[in-house]
Amino acid sequence: MSVDHEPGQAIGRVTHYFGHLSVAAIALTEPVAVGDRIHIRGHTTDLVQVVESMEVDHQRVERAAPGDDVALAVADHVREHDLIFREA
């Protein structure tokens, strides 16, 4: 069951989706780490998953900081402007 989030609680936003790779490019406003449970919400997107793999500048990282542009493996199609939230 997903929880409704306020847009102000978002930790990032999808800036691009690479369908052939199932990877979302995300601009972060809060830190995120491998193992974090996230919720990606948008007009037609509602995806909850655990962060299993992410890269910054084509280097695998365990943590990413605010201001980083992160490539994140996603389990389903996401869209530009979708918001990312941290799940409890």
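Presented here is a report on the structure given in the accompanying data block. (Residues numbered from 1 in each chain as written. Predicted model: local features only at pLDDT ≥ 70, side-chain atom pairs only at ≥ 80, totals over all residues. Heavy atoms only, no water.)

### What to know about the pairing of strand 5 (residues 46-50)
Each regular strand carries side chains that alternate between the two faces of the sheet. For clarity, the cut-off: Burial classification: accessible surface area is computed with a 1.4 Å probe over protein chains only, and a residue below 20% of its type maximum counts as buried, one above 50% as exposed, and the rest as partly exposed. Each helix is a run of H or I in the DSSP string that is no shorter than four residues. Each strand is a run of E no shorter than two, and both are numbered from the N terminus. Strands are labelled as partners when DSSP assigns at least two bridges between them.
Residues of strand 5 alternate between two faces, with L47 and Q49 buried on one and D46, V48 and V50 left unburied on the opposite face. As defined by bridge partners, strand 4 (residues 37-41) adjoins strand 5 across five bridges and the pair is classed as antiparallel. Residue pairing across strands places R37 opposite V50, the latter belonging to strand 5.

### Considerations on the environment of E30
Formally: Note on contacts: a residue pair qualifies if any of its non-hydrogen atoms lie within 4.5 Å across the two residues.
Its location among the elements puts E30 in the loop between strand 2 (23-28) and strand 3 (32-33). A relative accessible area of 38% places E30 in the partly exposed class. Leaving out residues up to four positions away in the same chain, E30 has contacts with A10, I11, P66 and R86.

### Let's talk about the sheet that holds strand 2
Strands pair in a sheet through their backbones, by hydrogen bonds, and they do so in one of two ways: parallel or antiparallel. Strand order in the open sheet formed by eight strands is 5-4-10-1-2-9-6-7, with antiparallel pairing between adjacent strands. The sheet is open, and its two edges are formed by strand 5 and strand 7 (59-60), each paired on a single side. One ladder, built from five bridges, connects strand 2 with strand 9 (residues 69-73); its direction is antiparallel. Opposite A25, over in strand 9, you have A71 as the bridge partner.

### So, the pairing of strand 9
Only one face of strand 9 is buried, namely the one carrying V70 and L72, since none of D69, A71 and A73 on the opposite face is buried. Sheet analysis places strand 6 (residues 54-56) next to strand 9, joined by three bridges and oriented antiparallel. The residue bridging V56 from the neighbouring strand is V70, located in strand 9.

### Examining unusual backbone geometry
Even without being a glycine, S22 presents a positive backbone phi close to 55°. Secondary-structure assignment places S22 in the loop between strand 1 (12-18) and strand 2. In the Ramachandran plot, H58 falls in the positive-phi region, its phi being about 65° despite a non-glycine side chain. Tracing the sequence through the fold places H58 in the loop between strand 6 and strand 7. A relative accessible area of 72% places H58 in the exposed class.

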